[in-house]
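# Geometric and topological summary
Here is how the chains run, residue by residue.
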Amino acid sequence: MLTTIARFCVRRRRWVLGAWMLLFVAGIAIGSMVFGRLHDSNGGAGTESVQGYTIMRHASSTGPTAVVLVKGPPLSAPATRAAIIALTARLEKVLNVTGAINAYTSPGDRALWSGDGHASVIIVSVRKDTPEKAQKNVVTALRAAARNTVPGATVQVGGDIAVNGDENTAAMNDLYRGEAIALPVLLLALFFIFRGWRAALLPLAAALTTVSGALILLMGMTYVTDVASYSVEVVTLFGLALAVDYSLLMVKRFREARASGADVPAAVEYTTATAGRTVTFSALTVAAALSGLLAFGDPTFTSVAIGGISTVLVAMATAVTLLPALLAAWGPKLKMAHRQQAEDGFFGKLARRVQRRPVLAAAGVSACCWPPRCRSCM
C-alpha cells in the first residue's frame, strides 16, 4: 500500500503539494481561532470535588465575578473617590454585568481598601450562566471601560472570568514566539546536518504542515470535550520533533537509494516502502500509547492525549505523502550520499561491533543498570 501511495505522490506531486498547501493555510486560519475555544477544566467530572463545585454553582444565585484593581493615588483624595465611583457606574453598564461594588458605595467594605490607602478593588458581578465566549467579551469591555478613568492610577481587570482568556492569549503568544525562535535555529541546524538548503527545508515544511494540521484536529475536538490551553504546547513540541525525526529517516533512505543507482521515482518508492513503514508503525505505536491517557478520565491527561494523538497522526500523513512529493520534485537536485557513508560513520561502526559481540554488549548494558538505583530500572 505504501508503494502505491508513493507512486501516486510521484505522479501527482503537484496535486499533493497543492493539497498540503491548502491544509497549511487552513491550519493557520483555524489555528488562530482555536485559542478562543480552549478551556481549562477544574478536574474530572467524576471526582467528588468537581461534583460538589457543580452543585454549589447551580445552587448559587450569583454568577462569576471580575476584580478591578485601582492602584496609585491616595484613596482619601476627593478626585480619586469621584473617579472610582464614576468608574463603577460605567462598569455596571457593560452587557451581562449585574452589579458592581466598591469601598465607597458599599458601607462596611473597608476590606476592599489596601492597608496603605493607595489601592482598592471593585467587585463586578456577571450574569449567571453567561456563556464562556460572552464572558471573554465582558472582560474585554470592562478593560476598555476602565482604561484611563482614574487620573494617576493603574487600573487592571482580573478575576475568575479573566484567567482563562489570559491563559489562552499567553498560549497563543508563546506558540508564535517559540516558532519564531525555534524555526530559524532548526533550519540552521538542519543545513549542517543535510549539507544543503533544499534538504534542510524538507523537515521544516513537514513541521509547519504538521502543526497546522494538528491545530485543525484540535479545533474539532474542542466541540466534543474541554481541551486545555497547554495542548497547544504539546502540538508544537510533538510537531517539530516528529517532523524532524521522520524527515531525517526518509531523506537518509532516499539518498542511499539514489547512491545505489536508482532514479528519483524508484528511490521515492523504495524510501516510502521501507522508511515509510517504520514511520507508520512508530506513529501508530505512539498514538496507541497516548490513547491510554484517555482511560483516566482526567482533563489534564485527556488534553495531552488529544494534542499528542492529533499531532502524531498528521506527522505520519505528512511523512508518507508530503515528503515523497517533495522528494520527487527536488530529488534530482539533492546531494547523494556516498555508498559507504553509513558504514563508515560512528553509528555504523558501533552497530557492527555490537553485532559481532551481542552477548558482551548486552551484559555491559545490563551491568550499567545493576543494582537498580532509579525507578526506571526497577
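Rules used throughout
Residues numbered from 1 in each chain as written. Predicted model: local features only at pLDDT ≥ 70, side-chain atom pairs only at ≥ 80, totals over all residues. Heavy atoms only, no water. Helix = DSSP H or I, 4+ residues; strand = E, 2+ residues; numbered from the N terminus. Buried < 20%, exposed > 50% of the residue type's maximum accessible area, 1.4 Å probe, protein only. Contact = heavy atoms within 4.5 Å. Areas by Shrake-Rupley, 256 points an atom, 1.4 Å probe, with all protein chains shown as cover. Core = buried A, V, L, I, M, F, W, Y, C linked by side-chain atoms within 4.5 Å. Salt bridge = Lys/Arg side-chain N within 4 Å of Asp/Glu carboxyl O. Axes fitted to C-alpha atoms, helices over the stretch in contact; angles between N-to-C directions. Left-handed = near helix turned anticlockwise from the far one by under 90°. Nonpolar A, V, L, I, M, F, W, Y, C, P; charged D, E, K, R; others polar. Patch = residues over 30% accessible without salt bridge, like charges linked within 9 Å, V, L, I, M, F, W, Y side chains within 5 Å. Lys, Arg positive; Asp, Glu negative; His and termini not counted. Charge placed at Lys NZ, Arg CZ, Asp CG, Glu CD. Polar contact = N/O pair within 3.5 Å; in protein donor to acceptor, adjacent residues only side chain to side chain. Pairing = 2+ DSSP bridges.

## With respect to the overall build of the protein chain
Along the backbone of the protein chain there are 13 helices and four strands. Here the protein chain, with 378 residues, has 39% of them falling under the buried criterion. Residue pairs in contact within the protein chain that sit at least 24 positions apart in sequence constitute 76% of those at least 6 positions apart. Entry remark: accessible area of the protein chain is about 20,700 Å², with carbon and sulfur atoms responsible for 64%.

## Quick word on unusual backbone geometry
Its identity as a non-glycine residue notwithstanding, asparagine 96 has a phi of 75°, on the positive side. Topologically, asparagine 96 is positioned in the loop between α4 (78–92) and β2 (97–101). A positive phi is found at asparagine 148, a non-glycine position, where the angle reads about 60°. Tracing the chain through its elements places asparagine 148 in the loop between α5 (132–146) and β4 (154–159). Residue asparagine 148 is classed as exposed on the basis of its relative accessible area of 76%.

## Observations regarding the environment of tyrosine 176
Tracing the backbone through its elements, the reader meets tyrosine 176 in helix α6 (residues 160–194). We classify tyrosine 176 as partly exposed; its relative accessible area is 42%. Setting aside chain neighbours within four positions, we find tyrosine 176 in contact with Ser32 and Phe35.

## Comments concerning the nonpolar core
Ranked by size, the top nonpolar core spans 46 residues in total, and within it Leu202, Tyr246, Phe254, Val268 and Leu327 carry the most contacts. Among the elements of the structure, α1 (2–11), α2 (13–34), α6, α7 (197–221), α8 (231–259), α9 (264–291) and α10 (299–330) are those that each provide at least two residues to this core. The contact partners of leucine 202, leaving out residues within four places of it in the chain, are Ser247, Val251, Leu323, Leu326, Leu327, Trp330 and Leu334. By size, the runner-up hydrophobic cluster in this structure holds 27 residues, among which are Val68, Leu75, Leu87 and Val138.

## Topic: the environment of glycine 307
Of note, glycine 307 is situated in helix α10. Taking the C-alpha atoms as reference, glycine 307 lies 6.9 Å from valine 232; in sequence the two are 75 residues apart. With residues near it in sequence (within four places) discarded, glycine 307 still touches Leu218, Ser231, Val234 and Val235.

## Some details on the pattern of salt bridges
Scanning all chains against the criterion turns up two salt bridges. Close ionic contact of glutamate 269 with arginine 7 constitutes a salt bridge, the shortest N to O distance being 3.5 Å. Here the residue glutamate 269 occupies a position in helix α9, and arginine 7 occupies one in helix α1, the gap between them amounting to 262 residues. Classification of glutamate 269 by relative accessible area gives partly exposed; the value is 22%.

## Considerations on the packing of α7 against α8
At a closest axis distance of 8 Å, the pairing of α7 and α8 adopts a crossing angle of 145°. Remark: the crossing between α7 and α8 carries right-handed chirality. Mapping the contact onto sequence places Ala199, Leu202, Pro203, Ala206, Ala207, Thr210, Val211, Ala214, Leu215 and Leu218 in α7 and Ser231, Val232, Val235, Thr236, Gly239, Leu240, Ala243, Val244, Ser247, Val251 and Arg255 in α8. When its residues are assigned to classes, the contact of α7 with α8 shows 15 nonpolar, five polar and one charged.

## Digging into a positive patch on the surface
On the surface, a cluster of positive charge is made up of Lys349, Arg352, Arg353, Arg356 and Arg357. Note on placement: lysine 349 falls in helix α12 (residues 346–356).

## Observations concerning the side chain of threonine 209
Mapped onto the elements, threonine 209 comes out in helix α7. Look at threonine 209 and you get buried, because its relative accessible area is 8%. Within the structure, threonine 209 has its side chain in polar contact with the backbone oxygen of alanine 205 (distance 2.9 Å). Among the polar contacts made by the side chain of threonine 209, one reaches the main-chain carbonyl oxygen of alanine 206 at a distance of 3.0 Å.

## Structural notes on the pairing of strand β1 (residues 65–71)
Burial along β1 is one-sided: the face carrying Ala66, Val68 and Val70 is buried and the face carrying Thr65, Val67, Leu69 and Lys71 is not. Relative to strand β3 (residues 119–126), β1 runs antiparallel, the two sharing seven bridges. Bridge pairing in β3 places valine 68 opposite isoleucine 122.

## Thoughts on the sheet that holds β2
Spatial ordering of the open sheet is given by β2-β3-β1-β4, a layout of four strands whose pairing is antiparallel. Looking along the sheet, the strands with just one partner apiece sit at the ends: β2 and β4. Neighbour to neighbour, the strand axes of the sheet diverge by 20° on average, direction disregarded. By the bridge criterion, six bridges tie β1 to β4 in an arrangement that is antiparallel. Note that in β4 the partner of valine 70 across the bridge is valine 155. Along the sheet, α4 makes contact with β1, β2, β3 and β4, crossing β2 at roughly 165°. On top of the sheet, α5 reaches β1, β2, β3 and β4; it is set at about 165° to β4, its chief contact.

## Topic: the side chain of threonine 210
The residue threonine 210 is located in helix α7 in this model. Sequence-distant contacts of threonine 210, that is, excluding residues within four places in its chain, are made with Gly239, Ala243, Thr311, Val314, Ala315 and Thr318.

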